[in-house]
Amino acid sequence: MDDSETFTQLPIRMDPASKAITTSSSSRALQEELAALNNLHKSLLQLESPVPPPPIPVNQKRSANITKLRESGNAEFRKGKHAEAIKLYALGLQMALGRPHWEPSGLVRDEVAGLYANRAQAHMAMSNWVEGLVDAEASVEAKKVGNAKAWWRKGRCLMEMGRLEEAKEWVGRGLEMEGDEADLVGLLKDIEEKEKKA
Amino acid sequence: MFAVDWWGLILPFCYIGVLLGSLITFSSMYRKRKAAKSANLAPWFPPHLQRNIYLSLLHMEPEEGKEKSVAVPDSVLRAALLRRAQEDIFRIIQIRSAKQACSTLLQRGSIGDDLWQRFLRAEKEMEEELRDVVMEANALSPNWGQHIFQSANEIAARSMFTTRLDEIQAQLEPEKEWWEKRRASIQSEFMKELDTPASSTGDEDAVMVESNKSKKKAKK
């Protein structure tokens, strides 16, 4: 790290019209960093206050919208209209992931975990095992503990696709995280039975 | 009685003078060398790109052929400071996670003292950098210094999460292809079973297999 009194002057300049920062050097790291900087600048310009607000008091409007979308998706699912439900969940996910980056990431993770898990269930009801698999894995990535539903759904998708080894390993990991959840134990037994038959 | 023989005392005084002189010279040279070595320690982290960008923007010189420099607006500086805070958070996390491991290794003697010195220096520089960022934040916007690091923390956590999600979503296409291939191979196996048994019971099996195949197609 440089001495705190000195710094390296980089060959960057600002475009007066668009206020974007560009560079004449060909260093890829510098260009990526400047792209990130320009994106951040643009998103900051949309705020009313000059700086991002502290993360803790969250604006409730977006959370309310996301919850509404999830509820309507659940309603469609119960009525049996799976394609509709998937569309609503996808819209909710777009909203949740479109949250500005400085809002609490824990909140984003919770919302995203719920939406992905429900979308996975809707895909599974339509026998789209691949989409269900990817969505269940995304849900687990967002929330590893306390998300037994998502662990179970991906295990079930793997089992339906015939990938029994992977399914067993996945459910094993899920059991480690969740600690002897009844559904997961049942799923593991199903997988083992299927393996014996094959 | 006080007639001191000064000439006789010259030798001892010279001796003491030379002794003290050499001790003082040696200790000052040794300290200077040690300070120089510690200043020459290899840095722990690579050069801080975001810090360089921020300070370059702050001190931008007017371009050739223009009278006055284009003033960089405050919003750009704030964005640059936020990126700098993000990178600092990333480094602080690295330092904190390495600290325990480094101290354990040092106690066991697996690493040398110079590595530990580099680590301590990096830690000290990091603290100075954090203080510097808070001061700059307060200069750019009143009281921003208090929550700039909270915001930067959230942004850093969020960007890591987003990269992981993108990785997972990227698996969708390859998985789809694999599944299509698998279904195609299962269906071709059914076709083979259809063709081979030409016996009378083959009709019944054929009807059953046909209905199975059509059921599979409808499920798509």
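Residues numbered from 1 in each chain as written. Chains lettered and ligands numbered in written order. Predicted model: local features only at pLDDT ≥ 70, side-chain atom pairs only at ≥ 80, totals over all residues. Heavy atoms only, no water.

A. Up close: the layout of surface pockets. Residues and elements named next belong to chain A. Volume-wise, the second largest pocket comes out at about 490 Å³. If you trace the second largest pocket, you find 20 residues lining it, with Leu47, Asn59, Pro100, Trp102 and Glu103 closest to the centre. Its residues assigned to classes, the lining of the second largest pocket shows 9 nonpolar, 6 polar and 5 charged. (1 Å grid on protein atoms, 1.4 Å probe; cavity = no way out; pocket = protein on both sides within 12 Å on 5 of 7 lines; lining within 4 Å. Points joined across faces, edges and corners; volume = space filled by probe spheres on them. Nonpolar A, V, L, I, M, F, W, Y, C, P; charged D, E, K, R; others polar.)

B. A look at helix α1 (residues 28–45) of chain A. In this model, α1 of chain A (18 residues) spans 26 Å end to end at C-alpha, consistent with the 26 Å of a helix rising 1.5 Å per residue. For α1 of chain A, the complete set of buried residues consists of Leu30, Glu33, Leu34, Leu37, Asn38, Leu40, His41 and Leu44 of chain A. The buried residues of α1 of chain A all sit within an arc of 165° when viewed along its axis, so they share a single face. Pointing more than 90 degrees away from the buried face of α1 of chain A are the exposed residues Arg28 and Lys42 of chain A. If you follow the buried residues of α1 of chain A, they end up packed against β1 (12–14) and β2 (21–23) of chain A together with α2 (49–58) and α3 (74–108) of chain B. (Helix = DSSP H or I, 4+ residues; strand = E, 2+ residues; numbered from the N terminus. Expected span 1.5 Å × (residues − 1). Buried < 20%, exposed > 50% of the residue type's maximum accessible area, 1.4 Å probe, protein only. Arc of directions from axis to C-beta. Contact = heavy atoms within 4.5 Å.)

C. Local environment of the pattern of salt bridges. Residue and element names in this part refer to chain A. Inspection of every chain in the model, using the stated rule, returns 23 salt bridges over all chains. Between arginine 99 and glutamate 103 there is a salt bridge, with its nearest N and O atoms 2.5 Å apart. Judged on exposure class, the residue arginine 99 and its partner glutamate 103 are both buried. (Salt bridge = Lys/Arg side-chain N within 4 Å of Asp/Glu carboxyl O.)

D. Main features of the interface of chain A and chain B. Listed as interface residues are 63 residues of chain A and, on the opposing side, 52 residues of chain B. Where chain A abuts chain B, roughly 5100 Å² becomes buried across the two surfaces, and 65% of that area is made up of carbon and sulfur atoms. Joining chain A to chain B, the criterion identifies 4 salt bridges. Salt-bridge contacts for glutamate 141 of chain A lead to arginine 164 of chain B; the nearest nitrogen and oxygen are separated by 3.1 Å. Where chain A meets chain B, there are 12 residue pairs in polar contact (both at pLDDT 80 or more). Elements with a minimum of two residues in the side of chain A that touches chain B: β1, α1, α3 (82–97), α4 (105–125) and α5 (129–142) of chain A. (Buried area = accessible area lost by both parts, 1.4 Å probe. Polar contact = N/O pair within 3.5 Å; in protein donor to acceptor, adjacent residues only side chain to side chain.)

E. How the structure looks around the environment of methionine 14 of chain A. Inspection of the secondary structure assignment puts methionine 14 of chain A in strand β1. For the pair methionine 14 of chain A and glycine 132 of chain A, spaced 118 residues apart in sequence, the C-alpha separation works out to 46 Å.

F. Expanded view of the packing of aromatic side chains. The final tally for this structure, using the stated rule, is 5 aromatic pairs over all chains. Between the aromatic rings of phenylalanine 26 of chain B and tyrosine 30 of chain B, the centroid separation amounts to 6.2 Å while the plane-to-plane angle is 15°, which identifies the pairing as stacked. Of this pair, phenylalanine 26 of chain B and tyrosine 30 of chain B both sit in helix α1 (residues 6–39), 4 residues apart, which is roughly one turn of the helix. Taking the relative accessible area as the measure of exposure, phenylalanine 26 of chain B reaches 56% and is therefore exposed. A relative accessible area of 43% places tyrosine 30 of chain B in the partly exposed class. Note on tryptophan 178 of chain B and tryptophan 179 of chain B: the rings are 6.4 Å apart at their centroids and 20° apart in plane angle, and the pair reads as stacked. By relative accessible area, which is 33% here, tryptophan 178 of chain B ends up partly exposed. The aromatic ring of tryptophan 170 of chain A is capped on one face by lysine 154 of chain A, whose charged end is 4.0 Å from the ring centroid. Between the NZ or CZ atom of arginine 163 of chain A and the centre of the ring of tryptophan 178 of chain B, over which it lies, the distance is 4.8 Å. (Phe/Tyr/Trp six-rings, centres within 6.5 Å; stacked < 30°, edge-to-face > 60°. Lys NZ or Arg CZ within 6 Å of the ring centre and 35° of its normal.)

G. Focus on empty space enclosed by the protein. Residues and elements named next belong to chain B. Taken as a whole, this structure holds 1 cavity of 30 Å³ or more when the rule is applied. Its volume calculated, the largest cavity comes out at about 40 Å³. What lines the largest cavity is simply Leu41, Ala42, Pro43, Trp44, Arg118, Arg121, Ala122 and Glu125. For the lining of the largest cavity, the per-class residue count stands at 5 nonpolar, no polar and 3 charged.

H. Main features of the environment of proline 12 of chain B. All names here are of chain B. With respect to the helices and strands, the residue proline 12 is situated in helix α1. For proline 12, a relative accessible area of 39% puts it in the partly exposed group. Separated by 124 residues in the primary sequence, proline 12 and glutamate 136 have C-alpha atoms spaced 61 Å apart.

I. Spotlight on a nonpolar patch on the surface. All names here are of chain B. Together, Val4, Trp6, Leu9, Phe13, Tyr15, Ile16, Leu19, Leu20, Leu23 and Ile24 make up a nonpolar patch on the protein surface, roughly 1000 Å² of accessible area in all. Looking at where leucine 9 falls in the secondary structure, it is placed in helix α1. The exposure class of leucine 9 is partly exposed, given its relative accessible area of 32%. (Patch = residues over 30% accessible without salt bridge, like charges linked within 9 Å, V, L, I, M, F, W, Y side chains within 5 Å. Areas by Shrake-Rupley, 256 points an atom, 1.4 Å probe, with all protein chains shown as cover.)

J. Structural detail: the packing of helix α6 (residues 148–160) of chain A against helix α8 (residues 182–197) of chain A. Residue and element names in this part refer to chain A. Relative to each other, α6 and α8 sit at 10°, their axes nearing to 10 Å. Classed by the angle they form, the pair α6 and α8 counts as roughly parallel. Packed against α6, whose contacting residues are Trp151, Trp152, Gly155, Arg156, Met159 and Glu160, the element α8 presents Asp183, Leu184, Leu187, Asp190, Ile191 and Lys194 at the interface. Of the residues contributing to the contact of α6 with α8, the split by class is 6 nonpolar, 1 polar and 5 charged. (Axes fitted to C-alpha atoms, helices over the stretch in contact; angles between N-to-C directions. Parallel < 35°, antiparallel > 145°, perpendicular 65-115°, else oblique.)

K. Local environment of unusual backbone geometry. Positioned with a positive phi, serine 127 of chain A is a non-glycine residue whose angle comes to about 65°. Within the element layout of this structure, serine 127 of chain A appears in the loop between α4 and α5. A positive phi is found at asparagine 143 of chain B, a non-glycine position, where the angle reads about 65°. Among the secondary structure elements, asparagine 143 of chain B is positioned in the loop between α4 (113–140) and α5 (144–170).

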